[in-house]
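Notes for the structure review
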Amino acid sequence: MSFRALLLCVAMGVPSIVLPQLLSKELPADTIAIVGGQVIRASDFLERYELMPWLHKDRKALAEQNKQEFLYSLIAEKLLSFEASSQNVGQDTTSQMMKYGMERVFVRDELYKREVFPKINISSRNIQNGIEKYAWELEVAVLRILSKEEGELLYKKVLSSRNADSTLAFFNDSLFVPLDTITVDFGGNDLPLERAAYAIGEKRISHPFQSDEYGLVMLRLLKKYTNPKYANRSRPDQSTAVEKILRGRQEDSLAGHFASTLLRPQRAEADPAIFKIIADSVYAILVQDSMGHKSKGLYVFSSTDIFRLIDKLQPYNNSTFITAKSGAMTVREVLEMLQYNRVVFPSLKEGTVQAILNNNIKTVVQNELIARDGFSKNIQQSEQVRHDIGVWMDNRRSRLLMQQITDTVQVSDREILDYYRRNAELFGAKVDVNIREILVDSVKLAQDLRKRIGKGEDMANLARKYSKRKEWAARGGESGFFSITEHGDLGFYASSADTGEITGPRRIKEGITIFRMLEKRQNLDSLKQDFKQV
């Protein structure tokens with residue numbers, strides 16, 4: 001049974017769900033359900049529903065069913081969390097460490113809401129300009145350059161040339177290096193890159209600029225086509241989508257201004273010796289498996305890497321790394337908060353790694369100082385923050401309990417084999433095989449025959465002489481095509497054999513088998529049937 005299905009069963013099987021019309025008027029106005037005394041609000045539901053991806057979510061015909069099932073899942077999450085709490089699940093060190101970090105995130109967010117949200121203002125002109133960009137998706141080549149001066153030189157060369165492609169080919173590896181090909185649409189995380197892409201003119205080349213993710217680059221426009229999100233939405237929905245993007249960006253800008261105003265009088269210093277130790281350790285982890293860290297032209301330092309880093313720096317974890325008037329931060333505290341950043345590097349040059357790591361640590365320290373300001377205003381005790389932490393802990397505890405439950409499930413090889421044999425069509429098109437087999441009763445004889453085949457004796461002649469499956473033996477052991485779901489274990493073993501490969505001796509119900517895979521084919525009719533069912 002799937003995790004989601006199990007959650008639904010749990011939710012639907014417990015009678016402690018109370019509908020809002022039966023509740024006291026003192027509950028929040030947007031209450032949609034209460035489970036064991038805890039409220040599920042419409043705001044919680046909508047926020048998580050919008051963020052949750054699943055198949056066919058965009059089908060309007062299934063919207064009500066999806067929402068109902070998602071509500072059941074939220075109710076099930078509460079029920080599982082209650083049971084987890086009774087078993088002290090979620091009290092482990094990792095969970096408490098994550099709770100510590102999340103509380104700071106929620107305090108900071110609530111502080112921003114109070115200081116920033118009232119100042120947000122999106123004009124109709126802003127929305128119209130956004131829609132004009134939102135209508136298009138741009139496929140661009142990212143070109144890495146060494147300096148802004150060289151980039152401007154390349155830009156002028158392309159603009160003055162008759163053939164931009166020939167000019168770019170001529171200066172490839174001298175003024176620029178191709179880095180990646182990406183799709184840009186309105187609303188991405190890299191705002192400088194987006195602005196540069198949509199500002200590209202007739203010569204299909206951008207000015208040099210500093211990308212948040214790729215560093216100093218230029219863009220070459222390859223294709224421009226209609227954004228499917230734009231095409232599939234009505235005009236009001238387009239405006240709503242664009243306004244949401246613009247509000248988010250204005251929120252970020254105002255939050256940045258608020259943060260700089262708050263942080264300007266404060267001073268924090270890092271221990272340079274400890275920073276060097278951290279930077280060297282990060283670099284060592286990256287270069288140890290550079291390809292494993294590479295994704296879309298960037299080197300990603302994941303949360304798993306951060307936990308590895310914490311283990312690696314065990315002797316330094318309790319050492320003071322950051323000193324500030326409001327209090328020090330240890331190495332471990334900084335690294336634990338670093339997991340909430342997206343830490344990526346455009347290259348594995350030591351200087352680049354150190355510079356980007358320094359910026360990320362600076363962000364961690366700034367966020368901590370802002371959170372401390374929120375704590376000084378007692379925002380951690382606000383109803384919203386306590387609610388957000390409660391929702392997060394419910395999710396954490398329920399997932400840990402489900403993991404404990406699923407870890408107790410054991411499936412034997414025999415059960416896997418039997419299920420595969422009964423449901424092979426679930427794993428793709430039906431497969432037919434043609435084999436040459438020798439079936440005998442004696443393990444010793446089978447081993448001897450396998451050696452003789454290995455020395456070059458004709459397998460068809462040996463099958464005629466020794467095989468007890470008489471109908472096939474008469475054809476030199478050749479079976480003719482049969483489905484891998486037939487002939488029990490023989491069909492299962494044949495399903496994984498490559499053409500020309502000899503398998504065995506293997507014990508099956510009828511005896512000891514040795515076979516050579518002669519031919520394997522897909523039954524295309526089964527694929528057609530599956531598509532018709534879809």
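Quick look at the structure, then. (Residues numbered from 1 in each chain as written. Predicted model: local features only at pLDDT ≥ 70, side-chain atom pairs only at ≥ 80, totals over all residues. Heavy atoms only, no water.)

Concerning the overall build of the chain
- In terms of regular secondary structure, the chain is built from 22 helices and 17 strands.
- The burial tally for the chain puts 42% of its 534 residues in the buried class.
- Across the chain, contacts joining residues at least 24 apart in sequence account for 69% of those joining residues at least 6 apart. (Helix = DSSP H or I, 4+ residues; strand = E, 2+ residues; numbered from the N terminus. Buried < 20%, exposed > 50% of the residue type's maximum accessible area, 1.4 Å probe, protein only. Contact = heavy atoms within 4.5 Å.)

With respect to the sheet that holds strand 9 (residues 294–295)
- Read from one edge to the other, the open sheet built from three strands follows the order 9-10-13, with strand pairing classed as antiparallel. With partners counted over all chains shown, the strands left at the sheet margins are strand 9 and strand 13 (343–345), one partner each. (Pairing = 2+ DSSP bridges.)

Quick word on the pattern of salt bridges
- Taken as a whole and judged by the stated rule, the model has 21 salt bridges.
- Glu471 serves as the salt-bridge partner of Arg475, at 3.8 Å between the closest nitrogen and oxygen.
- Judged by relative accessible area, which is 58%, Glu471 ranks as exposed.
- Through salt bridges with shared partners, one network takes in Lys78, Asp394 and Arg397. (Salt bridge = Lys/Arg side-chain N within 4 Å of Asp/Glu carboxyl O.)

Structural notes on the sheet that holds strand 4 (residues 136–144)
- Pairing within the open sheet is antiparallel, and its four strands lie in the order 5-4-7-6. In this open sheet, the two strands that pair with only one neighbour each are strand 5 (177–185) and strand 6 (209–211). Mean inter-strand twist for the sheet, computed between neighbouring axes without regard to direction, equals 45°.
- As defined by bridge partners, strand 4 adjoins strand 7 (residues 215–226) across nine bridges and the pair is classed as antiparallel. Note that in strand 7 the partner of Ala141 across the bridge is Arg220. (Axes fitted to C-alpha atoms, helices over the stretch in contact; angles between N-to-C directions.)

Re unusual backbone geometry
- Following Gly504, the chain continues to Pro505 via a peptide bond in cis, the omega torsion being 5°.
- By the element assignment, Pro505 lies in strand 16 (residues 502–508).
- Located in the positive-phi region is Arg204, a residue other than glycine, with phi close to 60°.
- If you trace the backbone, Arg204 turns up in the loop between helix 8 (191–198) and strand 6.
- Non-glycine residue Lys296 carries a positive phi angle of around 55°.
- For Lys296, the location among the structural elements is in the loop between strand 9 and strand 10 (298–301).

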